[in-house]
Amino acid sequence: MGQSITSKGKNSKEALDLALSLLGKQLTEVEVEIIENGEKGFLGIKSKPAVVKVKVKDSNANNEDEPQAIEDCISTIDIDDYQQSNPLKKSQDSLKQDDLSGKAWVLDGKIFCKDAEDKYPLIKPSEGVQIYKNGNLITSTEVICEEDEIEIELVNEEVLPIWEIKISADKLQVFLELKSGLSIARTLKDQEPEPLIHIKTTEVCKPIYIEPNDVILKLQDQGIVHGIDYAVINSSCSSGVDGTFLIAEGTSPTKGKDGYFQLYNNVEVKKQLKEREDGSIDFRDFREFPSVNFGQIIGEVIPPEEGKAGMTVMGEIIEPMKVYPLKIKAGKGVLLVDDLKVVSTESGCPEVKISGLLATVTVIPKLVLYQDVTIETGNVNYLGAVDIKASVQDGMKVEAKGNIQIDGNVYRAKVLSGKSIIANKNVIASQLTAGNGSLIKLELSNILMRLSDALNNMNAAIIQLTQVSAFKVNSLKVTGLAPLVKILCDSKFKDIPLLVNEYVKKVKEHAELEIEWKEFAEKLYREFANFHISTLKSEEDIANIANEAKDLYLSVESKNKDDSPFIKADFVQNSEIYSNGDILISGPGVYSSNLFARKNIVIKGFVRGGEIYGEDSVTINEVGYRTGSYVKIAVSKKGYIKIKNASENTTIQVGGQSHILFNKAKNIYAKLDEQGTLVVSKEE
């Protein structure tokens, strides 16, 4: 059996070298088994030796006969004993001890130091650690020596969580406002020997949670019993995150529905154009005018639906809002059946006006003409709706308070509707106006708004003048305000006479206007154009005129909001089209014409020559091709323009800003950005 020996050393190599030396063998002559790897401690403290077992290979049978006693003796030899008898090793250890002189270090939560003749070790405390030297707290860098008694106290911190229950004003929501807690546990870090050591710590932070039961008890104390979300309470309490959590929610009452009037068979005109998701227009949504016959049911009153009660987080019942029935008033041409159903007693166009909880249903009589409107038939002027199954010929005029529908052509004629117009064929060299009265009211309302502002500014200037000491106020009591107003109109407020003259002129040109527009024109002319007959006595008189101008303007605005007219035509040439609402050209397009709409203009075909203005938007398929003629497309500052194809020499205007296309372009989109700058995107 081969010899074997178990030896120790600071590392495996050292233990192996010792074993080979004792056995007198080379590495190739032995088998080596590492029993334990050595572990290096700090400054020799807590170090573990390496242990190896070395066995001589069975190459010589005589080896098996060597005395076991030798093996046992050799196996008991410890490297530590060998090192003690090694003078070189002793000198190395003493050198390491000399390296510690004048230094301090930290090991296993304690501070050590080694004195030196020529220098002192220094120590500097840090946050979270209190160091006492000989019973005195160290607050700054200080010298220490081996004789000093050093004590260390680690400061652990604990910040308790803060939380509060908040109830919404309507008692439908309860929130947990939470600021999480934190505990900080500190331990000293081991530090290598240095002349100056700045004490360092390792911090272990752990959240401090609140107990869900504490929150639930608090809810009970505050009387919260309904809609508690226990899952959210548990998760928020254990999240360790600051925040506001909804932990209880009441039940809102379900809103009921007031009674309303339900029309039968789509008898209401569908005036709005519907835009698809891709931006194109669904022209099929543009319908014909509705009509009813004798005995036809127009609609019925739907009774109100009660809402459902809710409950607060306190368990209190929340009653739903009260609902009310709709009252129905039978106008001309209808009667009520069982106070619910509305039945027509004559043929015509049904009209339903809703004012609050009162619905008034009327059948407007319809005039139906089966032949062309010519000199033989005379002009048409009708209080209701007009349905012309033929054409309107040269020089004729069709005017109606209701809707007008023309199945044929309109040639060199005027068509004026208080509501909407549908021209199913061509409109040539004609004028179409749809809306309350005519476009003239739109033009006049713009003038009046500017005039109202100017008069208010002039009135403010007069008030300032009367407060100046050098100004002779008493003279105004004798002469009135006319002389002063004339001076101001000739100097600082020159726009007032221009606006007055423009308004008066337009009113004289349109005899169809109502009496209030004409009377106001006479007043303006008397007070601001013919000063020798002026009756202005005080600033209050001017303020009253300014308010009257504003009221007339607002009357046009309110009517436009309540009743949105439209004009639909197939093809327009050398004509003027005016609408207080929308304009739709669904056929080939527009040639050398002017279109004006207070809302939107959609032209499915082309535009060649003329001016197009839609206050809200203008959408056109093709502009200016083949002829290269001048075309101007305009919208208000809040509107936008979309053109699929456009030729050069096309002017785009948004608000007061214009852009001219010098080259052909596609997919044009123009609008003002947030800074009011015109932005035109296009493909050339």
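Up top is the structure.
Let me sum up the structure you'll find in this document. (Residues numbered from 1 in each chain as written. Predicted model: local features only at pLDDT ≥ 70, side-chain atom pairs only at ≥ 80, totals over all residues. Heavy atoms only, no water.)

**Here's the deal with the pattern of salt bridges**
This structure, assessed with the given rule, holds 14 salt bridges. Glu177 is paired through a salt bridge with Lys166; the nearest N and O atoms lie 3.4 Å apart. Placement of Glu177 in strand S13 (residues 173-179) and of Lys166 in strand S12 (residues 162-167) is noted, with a sequence separation of 11 residues between them. Given the relative accessible area of 33%, Lys166 is considered partly exposed. Residue Lys486 pairs with Asp490 through a salt bridge whose shortest N-O separation is 3.1 Å. Placement of the pair is Lys486 and Asp490 together in helix H9 (residues 482-490), with a separation of 4 residues, close to one helical turn. For Asp490, a relative accessible area of 48% gives the class partly exposed. One continuous salt-bridge network, built from bridges that share partners, spans Lys133, Glu142 and Asp148. (Salt bridge = Lys/Arg side-chain N within 4 Å of Asp/Glu carboxyl O. Helix = DSSP H or I, 4+ residues; strand = E, 2+ residues; numbered from the N terminus. Buried < 20%, exposed > 50% of the residue type's maximum accessible area, 1.4 Å probe, protein only.)

**Quick notes on the nonpolar core**
Membership of the largest hydrophobic core comes to 48 residues, with the highest contact counts inside it found for Val392, Leu432, Leu595 and Ile603. Those residues in contact with Leu595 that lie beyond four places of it in its chain are Ile577, Ile583, Ile585, Val590, Ile601, Ile603, Glu611, Ile612 and Tyr613. Ile462, Val485, Leu499 and Val504 belong to the second-largest nonpolar core, a separate cluster that totals 37 residues. (Core = buried A, V, L, I, M, F, W, Y, C linked by side-chain atoms within 4.5 Å. Contact = heavy atoms within 4.5 Å.)

**Some thoughts on the side chain of Arg186**
As for its position among the elements, Arg186 is in strand S14 (residues 181-188). Exposure remark for Arg186: the relative accessible area of 5% places this residue in the buried category. A distance of 2.4 Å separates the side chain of Arg186 from the backbone oxygen of Val155, its partner in a polar contact. Among residues more than four places away in sequence, those in contact with Arg186 are Glu127, Gly128, Leu154, Val155, Asn156, Glu157, Thr201, Thr202 and Glu203. (Polar contact = N/O pair within 3.5 Å; in protein donor to acceptor, adjacent residues only side chain to side chain.)

**Comments concerning the sheet that holds strand S29 (residues 358-364)**
Reading across the sheet, the 3 strands line up as S25-S29-S28 and stay open at both edges, with mixed pairing between neighbours. Looking along the sheet, the strands with just one partner apiece sit at the ends: strand S25 (327-330) and strand S28 (349-355). For this sheet the average axis-to-axis angle between neighbouring strands, irrespective of direction, equals 20°. Two strands pair when backbone bridges link them, and S25 and S29 are joined in this way by 4 bridges, in the parallel orientation. If you follow Ala330 over to S29, its bridge partner there is Val361. (Pairing = 2+ DSSP bridges. Axes fitted to C-alpha atoms, helices over the stretch in contact; angles between N-to-C directions.)

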